[in-house]
Amino acid sequence: MTKIIDGKAFAATLRLKFKEQVKELAHSHQLVPGLAVVLVGADPASEVYVRNKNKQAAECGMNSFEYKLDSNASEAELLNLITLLNERADVHGILVQLPLPKHINSTKVLNHIDPIKDVDGFHPVNVGKLSIGQKALVPCTPLGCTLLLKSVLLKSVISELTGKHAVIIGRSNIVGKPMAQLLLAEDCSVTLVHSRSKNIEQLVANADIVIAAVGRAKMVKSNWIKQGAVLIDVGINRIIVDDKTRLVGDIDFDDCFEKAAFITPVPGGVGPMTIACLLRNTISAYCMQYKIIDPNS
Ligand code: GUN
């Protein structure tokens, strides 16, 4: 049995399922689910993400609407666009790619998206609902990590999430904090550590599950982890090896491989799950808007 959690293959399976669901929803409700992705500026990494998001939405049978604003577009211009997208009946999900240029207030922009179309799950209404266990749109990366952990359960290495000790490294609003909420909802004991935490290594040594989302290449070493831990690596760091750029995670994969029960690779682990979960959230948002049963709930 392989120890590697193949996020790329799992995401591909999910996309096939979502394609079927989109077909059925479009047929029974006479309207195709639609996702609008907004990019401000020309950050090369963001351009790649946005292209992939639109491509995969289209491949899954959704209407995908791409909006590219100039890097010096005003905040008012962006807010006006969001107002229009909030009102459009053929747009069910709205995503504004981050980071935004410095002259735009990201909080104001994210708060302007109608919570029922907020497929990133960043609006305070969705953040609040998640924290008190109400049905919410949930940030895509931590949702993807949760689905990967549940796929490990299916292989019965860890029989259930209930009571497991999960240590999350990183307290971002996009990953660390919502990840903690999702794992609490799965009845894990959760420890959230960050750059100011003391004794991170001792805390990680107690973890059945480690989620690393700090953005520091190969930070987690084998001597930090417990034998048989499940390791989920959210990090995507570019390092130079022999004059070539390589992508590595926050976990030292080669060093931890032997000791881990399961581990996600970088690339090909969490990354592909993020976009798959964006498609899942667009289907959820559509179902919420038409008050129909979400096939993935
Ligand atoms: N930039 C990096 N990750 C994300 C994400 O999950 N959503 C958005 N909107 N922007 C991002």
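Residues numbered from 1 in each chain as written. Predicted model: local features only at pLDDT ≥ 70, side-chain atom pairs only at ≥ 80, totals over all residues. Heavy atoms only, no water.

S.K.: How should I be thinking about the sheet that holds strand 4 (residues 165-169) in this particular structure?
M.R.: Sheets are built from strands that pair by backbone hydrogen bonding, the pairs being arranged parallel or antiparallel. Spatial ordering of the open sheet is given by 5-4-6-7-10, a layout of 5 strands whose pairing is parallel. Here the strands that pair on one side only, and so sit at the sheet edges, are strand 5 (189-193) and strand 10 (262-263). Examined bridge by bridge, strand 6 (residues 209-212) and strand 7 (residues 230-233) share 4 bridges and lie parallel to one another. In the strand pairing of strand 7, Val210 is matched with Leu231. Contacting strand 4, strand 5 and strand 6, helix 7 (residues 176-185) runs over the sheet at an angle of about 170° to strand 5. (Pairing = 2+ DSSP bridges. Helix = DSSP H or I, 4+ residues; strand = E, 2+ residues; numbered from the N terminus. Contact = heavy atoms within 4.5 Å. Axes fitted to C-alpha atoms, helices over the stretch in contact; angles between N-to-C directions.)

S.K.: Explanation requested: the sheet that holds strand 3 (residues 93-96) in the structure shown.
M.R.: Read from one edge of the open sheet, 3 strands run 2-1-3, paired in parallel fashion. The open sheet is flanked by strand 2 (63-69) and strand 3, the only strands paired with a single partner. The mean angle between the axes of side-by-side strands here comes to 15°, regardless of whether they run parallel or antiparallel. Pairing of strand 1 (residues 34-40) with strand 2, which is carried by 7 bridges, proceeds in the parallel orientation. Paired with Gly34 across the two strands is Asn63, which belongs to strand 2. Contacts between helix 3 (residues 75-87) and the sheet are confined to strand 1, strand 2 and strand 3, with strand 1 contributing the most and set at about 180° to the helix.

S.K.: Is there a simple way to think about the site of the ligand in this case?
M.R.: Neighbouring residues of the ligand: Leu95, Val96, Gln97, Leu98, Asp120 and Phe122. The contact in question runs from a nitrogen atom of the ligand to an N or O atom on the side chain of Gln97, over 3.3 Å. If the ligand stood free it would expose 280 Å²; the protein chains cover 79% of that surface. (Near = heavy atom within 4 Å. Polar contact = N/O pair within 3.5 Å; in protein donor to acceptor, adjacent residues only side chain to side chain. Areas by Shrake-Rupley, 256 points an atom, 1.4 Å probe, with all protein chains shown as cover.)

S.K.: What exactly am I supposed to notice about the side chain of Asp118 here?
M.R.: Along the chain, the position of Asp118 falls in the loop between helix 4 (106-112) and helix 5 (124-131). For Asp118, which is buried and forms no salt bridge, the nearest opposite charge comes from Lys129, at a distance of 9.9 Å. Here His123 takes part through its backbone nitrogen, which lies 2.8 Å from a polar atom of the side chain of Asp118. Setting aside residues no more than four positions away along its own chain, Asp118 makes contact with Ile94, Ile113, His123, Asn126 and Leu137. (Buried < 20%, exposed > 50% of the residue type's maximum accessible area, 1.4 Å probe, protein only. Lys, Arg positive; Asp, Glu negative; His and termini not counted. Salt bridge = Lys/Arg side-chain N within 4 Å of Asp/Glu carboxyl O.)

S.K.: What exactly am I supposed to notice about the pattern of salt bridges here?
M.R.: Pairing between side chains of opposite charge can happen when the charged atoms of each approach one another. All told, the structure shown has 8 salt bridges when counted by the stated rule. Residue Glu186 is joined to Lys150 by a salt bridge in which the shortest nitrogen-to-oxygen separation is 2.9 Å. Taken together, the residues Glu186 in the loop between helix 7 and strand 5 and Lys150 in helix 6 (residues 140-154) connect sequence positions 36 residues apart. Its relative accessible area of 23% is what places Glu186 among the partly exposed residues. The exposure class of Lys150 is partly exposed, given its relative accessible area of 34%. Residues Lys221 and Asp252 are paired through a salt bridge, measuring 2.9 Å at the closest nitrogen-oxygen approach. Of the two residues, Lys221 sits in the loop between strand 6 and strand 7 while Asp252 sits in the loop between strand 9 (244-248) and helix 9 (253-256), which places them 31 residues apart along the sequence.

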